[in-house]
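Summary of the model geometry
Chain by chain, the residues run as shown.
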Amino acid sequence: MTVRAPEWLITEVRKAKRNNDAGEGQKTERLLDSFGLSTVCISARCPNRNECFSRDTATFLILGEICTRNCAFCAVERGRLPDPPGIDEPYRLASAIGELGIGHAVITSVTRDDLPDGGAAHFAAVVRTIRELCPSVTVELLVPDFGGAAESLAVVLLAQPDVLAHNLETVPRLYPRVRSGADYNRSLTLLAKTKEISPDIITKSGLMLGLGEETEEVEDVLQDLRSAGCDMVTIGQYLAPSLRHIPVSRYVMPDEFDLWRQKARDLGFKSIAAGPLIRSSYNAAAFFQGIKKEARAGK
């Protein structure tokens, strides 16, 4: 059964897709193309893409555009044999960050189960190159689970990103249907292990609502995240990228997102973003600055 999106949400999506500054957005897209870079904004069909591009920012997608997983919610292309990682991609990415004047860079990737380290060394090279070419830029990584390999995570953390994010996406019961090839406990362990190895690195995760989860299940996930030391959480509405993807089970009203924001605050998260069009990387710079400001005030 198809659940029709409410008119207010359709209006919000249309508003988000309307470019705030068409000229600036096109300029950003051309620059990214000139550096041969991919973004999750385009690959995952993010509704906020035009807004971000018009503000000279984007969430970079490294390690190619072919994912080796088969998640039912994701629009990123999938396949078993992606191309090898681009050796010069860290340099091209850092150069584009400098050209755009980005102050807080967000980098994610497809999942590369075909690589022995899951792409960890490439992530680390990206961070080191940004540090070298753009020393004032803060770096947020949204990483895959690296197949649960603690040594791969350690390689990434050694490069010292400012934020290490990994999205749980949904509740454990829905993993077999929504996140094929992923494992809830493996993902949770990655976040906990990050705090164990590098206590000062800010950790972050994200959830989607509207996939068939129950209230108690979402509460349990938030509690699990806090138990793993997760500092930041984002909660948004799942929007099916196409008819081929898992359908939306329900549309969450804005006042429910307000309740989840308060619940997360009560649990002790240091930064919470919750709303229909919230995505894990949306306004990441503002949320990062907010948590750093709070940390300074607490000293």
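Structure's up top.
Below, the structure is looked at part by part.

Overview of the packing of helix α5 (residues 89-100) against helix α6 (residues 120-133)
Here α5 crosses α6 at 40°, and the two axes come no closer than 8 Å. Between α5 and α6, the angle is such that the two are oblique. The hand of the α5/α6 crossing is right-handed. In contact with Glu89, Pro90, Tyr91, Leu93, Ala94, Ser95 and Ile97 of α5, α6 contributes His122, Ala125, Val126, Thr129, Ile130 and Leu133. Its residues placed into classes, the contact of α5 with α6 shows 9 nonpolar, 3 polar and 1 charged.

What about α5?
An ideal rise of 1.5 Å per residue puts 16 Å on 12 residues; α5 measures up with 16 Å between its terminal C-alpha atoms. Across the 12 residues that make up α5, a large majority, 9, are buried. For α5, the set of buried residues is Glu89, Pro90, Arg92, Leu93, Ala94, Ser95, Ala96, Ile97 and Leu100. The positive-phi residue at the C-terminal boundary of α5 is Gly101, with phi of around 75°.

Observations regarding helix α10 (residues 215-227)
Its 13 residues place the ends of α10 19 Å apart at the C-alpha level, agreeing with the 18 Å of an ideal helix rising 1.5 Å per residue. Restricting attention to buried positions, one finds in α10 the residues Glu217, Val218, Val221, Leu222 and Leu225. All buried residues of α10 fall inside an arc of 140° around its axis, so they share one side. Opposite the buried face of α10, by more than 90 degrees, sit the exposed residues Glu216 and Ser227. Against the buried residues of α10 lie α9 (184-197), β6 (202-209), β7 (232-237) and α11 (254-267). At the exit of α10 stands Gly229, carrying a positive phi of roughly 80°.

Describing the sheet that holds strand β5 (residues 163-165)
Reading across from one edge, β1-β2-β3-β4-β5-β6-β7-β8 is the order of the 8 strands in this open sheet, with mixed pairing throughout. Of all the strands in the sheet, just β1 (38-39) and β8 (271-275) have a single pairing partner and so form its edges. One ladder, built from 5 bridges, connects β7 with β8; its direction is parallel. Its bridge partner being in β8, Thr234 is matched across the sheet by Ala273.

Here we look at the packing of aromatic side chains
All chains considered together, the criterion is met by 2 aromatic pairs. Seen in terms of ring centroids, Phe123 and Phe146 are 6.2 Å apart; in terms of plane orientation they differ by 90°. Their pairing is edge-to-face. Of this pair, Phe123 sits in helix α6 while Phe146 sits in the loop between β4 (138-142) and α7 (150-158); the two residues are 23 residues apart in sequence, bridging distant segments of the chain. The residues Phe123 and Phe146 share a single accessibility class, namely buried. Pairing Tyr175 with Tyr184 gives two aromatic rings, centres 5.7 Å apart and planes at 90°, and the pair type is edge-to-face.

Section: the packing of α6 against α7
With their axes 8 Å apart at the nearest point, α6 and α7 run at an angle of 5° to one another. The angle between the axes of α6 and α7 places the two elements in the roughly parallel class. Along the contact surface, α6 presents Ala120, Ala121, Phe123 and Ala124, while α7 presents Ser152, Val155 and Val156. The class makeup of the residues in the contact of α6 with α7 is 6 nonpolar, 1 polar and no charged.

Re the nonpolar core
Counting 41 residues, the largest nonpolar core has Phe60, Leu93, Ile97, Ile107, Phe123, Ile130 and Leu141 as the members making the most contacts within it. Of all the elements in the fold, those that place two or more residues in this core are α2 (22-34), β2 (59-62), α5, β3 (104-109), α6, β4 and α7. With 6 residues, α6 is the largest single contributor of residues to this core. Grouped together as the second largest cluster of nonpolar side chains are 39 residues, Leu174, Met208, Ile235 and Leu277 included.

Description of the pairing of β6
Most of β6 sits out of view: 8 of its 8 residues are buried. Burial along β6 is two-sided: Ile202, Lys204, Gly206 and Met208 facing one way and Thr203, Ser205, Leu207 and Leu209 facing the other are all buried.

What counts, and at which threshold
- Counting from 1, residues in each chain are numbered in the order their sequence is written.
- Totals for whole chains, interfaces and linings use all residues, but because this is a predicted model, local features are given only for residues with pLDDT of at least 70 and pairs of side-chain atoms are given and counted only at 80 or more.
- Computation of side-chain values covers all heavy atoms of the structure but excludes hydrogens and water.
- Axis definition: a line fit to C-alpha positions, over the contact stretch in the case of helices; interaxial angles, taken between N-to-C directions, run 0 to 180 degrees.
- By definition, any uninterrupted DSSP run of H or I lasting at least four residues is a helix, any uninterrupted run of E lasting at least two residues is a strand, and each is numbered from the N terminus.
- Any angle that falls under 35 degrees is termed roughly parallel, while one over 145 is termed roughly antiparallel, one within 65 to 115 roughly perpendicular, and all others oblique.
- A crossing counts as left-handed when the near helix is turned anticlockwise from the far one by less than a right angle, and as right-handed when that turn is clockwise.
- The contact criterion used is simple: two residues touch if any of their non-hydrogen atoms lie within 4.5 Å.
- Three residue categories are used. Nonpolar comprises Ala, Val, Leu, Ile, Met, Phe, Trp, Tyr, Cys and Pro, charged comprises Asp, Glu, Lys and Arg, and polar comprises the others, including Gly.
- Expected span of a helix, by definition, is 1.5 Å for each gap between consecutive residues, and there is one gap fewer than residues.
- Here the term buried applies to any residue with accessible area under 20% of the maximum for its type, exposed to any over 50%, and partly exposed to those in between, with areas from a 1.4 Å probe on protein chains only.
- The arc in question is traced by the directions running from the helix axis to the C-beta atoms.
- Note on pairing: two strands pair once DSSP finds at least 2 bridges between them.
- The rule is short: rings of Phe, Tyr and Trp, with Trp giving its six-membered ring, pair when the centres are within 6.5 Å, and they are stacked under 30 degrees, edge-to-face over 60, tilted in between.
- Here, nonpolar core refers to any group of buried Ala, Val, Leu, Ile, Met, Phe, Trp, Tyr and Cys residues whose side-chain atoms link them within 4.5 Å.

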